[in-house]
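# Chain and residue survey
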Amino acid sequence: MAHYDFIIIGTGAGGGTLAHHLAASGKKILLLERGSWLKREAENWDAKSVFVDNRYISKDTWYDQKGKPFQPQVHYFVGGATKLYGASLFRLRKEDFGELKHHDGISPAWPITYEEMEPYYTQAEKMYGVHGERNIDPTEPKASAPYPFPPVSHEPRIQKIFDDLKKAGFHPFAAPCGIMLNEKEMAQSRCVRCKTCDGFPCLVQAKSDAEMAGVRPALEKENVTLLTDAHVTKLNTSSDGKTVTEVVVQLEGKTETFSADRVVVSCGAANSAKLLLASANEKHPNGLANGSDQVGRNYMFHNSQAVLALSLEPNPTKFQKTLSLNDFYFGMEGFDFPMGNIQMIGKSQGIMFKGEKPIETMLAPKRLLDDIANHAVDFWLSTEDLPDPNNRVTLDKEGNICLSYTPNNQLAKQKLFEKLKSMLSHLGMHPDHLIPRNAYLKTDIPLAGVAHQAGTCRFGKDPKTSVLDTNCKAHELDNLYVVDTSFYPSIGAVNPSLTAMANAIRVGDHLLE
């Protein structure tokens, strides 16, 4: 059985970033990735292949709380979920690290402060080459350095929306974005500002994802080894239950075992919980690190809405994700509770509607769908999903994921939608032409939209109420860490990727010590 200093299970925003941070130490590191390299092919940029045929979505079957099966929108590749993310790299607000009162309950405080996380946010922004501009968003927390790259420019239609919002007294700002773009010298730029970024793989490998920014640079070091198509099924422990002694892997149809001084689980919130639960033994009868009965609980994935606004004039924008608005992040006049974030999403294409609304668009001619898309301006609204111990991941008798979830904080979500609708008169669009879009592609089950999943192995100072300590080490095991979005005690209302990356660097510093 081969032995390593570190085994990292998963290569996404957590695992891929951590591997990069540890690589220069010279320590012997094994990366285990359940998927393979995402194939570069013409279908990367084909909307029908991506949104209708679900070419890059896993074949997993999960089950809801009623036992109904569904196909989760998860991606198993080197780079994890970041291979198809929109590269929106926001910091949580400073207030998100403290206790916040919402309409439906409390968003709990984190066991660390924003100030403790801040230097790692700065390092993560540098590592992932984030474009942005400081001191425009009034909710933005203090930063110790400017963004590494200037903001991505707005195309004419989005610039008009930006200007109209400012004239109306709002505070739009350039959305922080991780792409390899050089607008001053486009001949030298890897990114070409295409319309196939958000939700697509990047054919020209210009997205700052965990493969390109994390795994590939790490593999340049001789001490780092990557095994793909390596599905970790169980973690075995010592007889006293205090140390993980074996990582059990299905590799090329065979069962292999590996060991390490430190084992890091970074499988994504649902699958990390699954691995810990599936590793139950005599010393850990309810699953590894689960003496608190918190593993799998407090699953969160944002109250998100993708909405399509029809404009009277065409919207020829290609790269649309350049604008964001946080004026209502903490509420508004008449509603003194947090509402959330508004940002642009990838530009609609007519064929996408066939995947998002297959029944409604079954008889619609392609020309009509294309015309709608040509006049659409697309927004993403994100409201905080509050942690609820009954929203949880469990396993059935066959070891399949069962995801029980009841929505909360829905009034705040509706208020944010209504506020956007009321603003459209300032944007050259009719408020009655705001159409909710199914953000979860082909399936009608909202649970399937798991891109922002978090919270199943929350960190904290009290072993009775948390799974991990403040360094993301399991309270009950000496060498087991969880470094992905599982550690979140709350999720805020912005995309979680950058916080996962920053935390991976923070935990990496602890491991190096």
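Residues numbered from 1 in each chain as written. Predicted model: local features only at pLDDT ≥ 70, side-chain atom pairs only at ≥ 80, totals over all residues. Heavy atoms only, no water.

## With respect to the overall build of the chain
For the record, the criterion: A helix here means a DSSP run of H or I that spans at least four residues, while a strand means a run of E at least two residues long, and both kinds are numbered starting from the N terminus. Only protein chains enter the accessibility calculation, which uses a 1.4 Å probe; a residue is then buried when its area is under 20% of its type maximum, exposed when over 50%, and partly exposed in between. The contact criterion used throughout is that any non-hydrogen atoms of two residues lie within 4.5 Å. Each accessible area is a Shrake-Rupley result for a 1.4 Å probe, and residues are judged covered by the shown protein chains and nothing else. None of His or the chain ends enter the tally, which takes Lys and Arg as positive and Asp and Glu as negative. A charge is said to be at NZ when it belongs to Lys, at CZ for Arg, at CG for Asp and at CD for Glu.
Scanning the chain for helices and strands turns up 10 helices and 21 strands. Residues counted as buried form 59% of the 513 residues belonging to the chain. Pairs at least 24 apart in sequence give 72% of the contacts found in the chain among residues at least 6 apart. Total accessible area on the chain stands at roughly 20,400 Å², and carbon and sulfur atoms take up 51% of it. Both charge centroids of the chain, one from 56 positive and one from 61 negative side chains, sit 3 Å from each other.

## Focus on the pattern of salt bridges
As a working rule, side chains carrying opposite charge can pair if their charged atoms are close by. Which entries qualify depends on this criterion: Salt bridges are defined as contacts in which a side-chain nitrogen from Lys or Arg sits within 4 Å of a carboxyl oxygen from Asp or Glu.
For the coordinates displayed, the defined rule picks out 20 salt bridges. The partner of R34 in a salt bridge is D60, with the nearest N and O atoms 3.4 Å apart. A residue pair is termed long-range when its members are at least 10 positions apart, and R34 in the loop between β2 (29-32) and α2 (47-52) and D60 in the loop between α2 and β3 (62-64) qualify at 26 residues. Classification of R34 by relative accessible area gives partly exposed; the value is 25%. When its relative accessible area of 16% is taken as the criterion, D60 is described as buried. What emerges from the salt-bridge pattern is a single network uniting R91, E118, E125, R134 and E140.

## Observations concerning the packing of aromatic side chains
Test applied: Each Phe, Tyr or Trp ring (for Trp, its six-membered ring) is paired with any other whose centre lies within 6.5 Å, and the angle between the two planes then decides the class: stacked below 30 degrees, edge-to-face above 60, tilted in between. Both a distance and an angle decide whether a charge sits over a ring: NZ of Lys or CZ of Arg must be within 6 Å of the ring centre and within 35 degrees of the ring normal.
Taken as a whole and judged by the stated rule, the model has 18 aromatic pairs. Relative to F328, the ring of F170 has its centre 6.0 Å away and its plane inclined at 70°; by these criteria the two rings are edge-to-face. One end of the pair, F170, is in the loop between α4 (156-167) and β8 (173-174); the other, F328, is in the loop between β15 (323-325) and β16 (341-344), and 158 residues separate them in sequence. Taking the ring centre of Y4 as reference, the NZ or CZ of K28 above it sits at 4.9 Å. Stacked on the ring of Y147, the Lys or Arg R134 has its end atom at 3.8 Å from the ring centre.

## Description of the side chain of N303
Selection rule: Any N or O atom pair separated by 3.5 Å or less is treated as a polar contact, with the protein-specific requirement of one donor-capable and one acceptor-capable atom, and with residues adjacent in sequence counted only for side-chain atom pairs.
With respect to the helices and strands, N303 occurs in strand β14 (residues 303-311). Of note is the side chain of N303, whose polar atom sits 3.1 Å from the side chain of Q410.

## Topic: the packing of helix α3 (residues 114-127) against helix α10 (residues 497-512)
The line we're drawing: Between N-to-C directions, angles span 0 to 180 degrees; the directions come from axes that are lines fitted to C-alpha atoms, helices contributing only their stretch in contact. Oblique is the label for every angle not falling under 35 degrees (roughly parallel), over 145 degrees (roughly antiparallel), or within 65 to 115 degrees (roughly perpendicular). What makes a crossing left-handed is the near helix being turned counterclockwise from the far one by less than a right angle; a clockwise turn instead makes it right-handed.
Between α3 and α10, the least distance of the axes is 8 Å, while the angle of their chain directions is 110°. By the angle between their axes, α3 is roughly perpendicular relative to α10. Classified by chirality, the crossing of α10 by α3 is right-handed. Between α3 and α10, the contacting residues are M117, Y120, Y121, Q123, A124, E125 and M127 on the first element and L498, T499, M501, A502, N503, I505, R506 and D509 on the second.

## Describing the nonpolar core
One recurring pattern in soluble globular proteins: nonpolar side chains tend to sit buried together. Where we set the bar: Here, nonpolar core refers to any group of buried Ala, Val, Leu, Ile, Met, Phe, Trp, Tyr and Cys residues whose side-chain atoms link them within 4.5 Å.
Residues I9, L235 and L480 are the most contacted members of the largest nonpolar core, which totals 108 residues. It is α10 that contributes the most residues to this core, eight residues altogether. Setting aside chain neighbours within four positions, we find L235 in contact with I9, V244, E246, V247, V263, V265, L275, L276, S279, L288 and L480. One finds V307, A412, M423 and L427 within the second-largest nonpolar core, a separate group that totals 25 residues.

## Description of the environment of T255
For T255, the position within the fold is in strand β13 (residues 254-265). In sequence terms T255 and N303 are 48 residues apart; their C-alpha atoms lie 40 Å from each other. Apart from residues lying up to four places away in sequence, T255 is in contact with V248, V249 and Q250. A polar atom in the side chain of T255 sits 2.7 Å from the side chain of Q250.

## Here we look at the pairing of β13
Convention followed: Here a strand pair is declared whenever DSSP counts at least two bridges between the two strands.
Note that strand β1 (residues 2-9) and β13 share seven bridges and pair parallel. Each bridged residue has a counterpart across the sheet, and for F6 the counterpart in β13 is R262. For strand β12 (residues 244-251) and β13, the ladder comprises five bridges, and the chain directions are antiparallel. Counterpart to Q250 in the pairing with β13 is T255. Remark: two residues form the turn of the hairpin made by β12 and β13, two consecutive strands paired antiparallel; E252 in that turn has positive phi of roughly 55°. Two elements, β13 and strand β21 (residues 480-482), share three bridges in a ladder whose sense is parallel. What sits directly across from V265, in β21, is V482.

## Notes on the pairing of strand β19 (residues 401-404)
Alternating residues of β19 divide into I401 and L403 and C402 and S404, and every residue in both groups is buried. Summarising the sheet, β3 and β19 pair through two bridges and their orientation is parallel. Bridging from a neighbouring strand, D64 pairs with L403 of β19. Sheet topology note: the strand β18 (residues 392-395)/β19 ladder contains four bridges and is antiparallel. Paired with R392 across the bridge in β19 is S404. Between β18 and the antiparallel strand that follows it, β19, lie five residues; G399 among them carries a positive phi value of about 85°.

## Some thoughts on the sheet that holds strand β4 (residues 69-70)
Spatial ordering of the open sheet is given by β4-β3-β19-β18, a layout of four strands whose pairing is mixed. A single partner strand is all that each edge strand has here, and the edge strands are β4 and β18.

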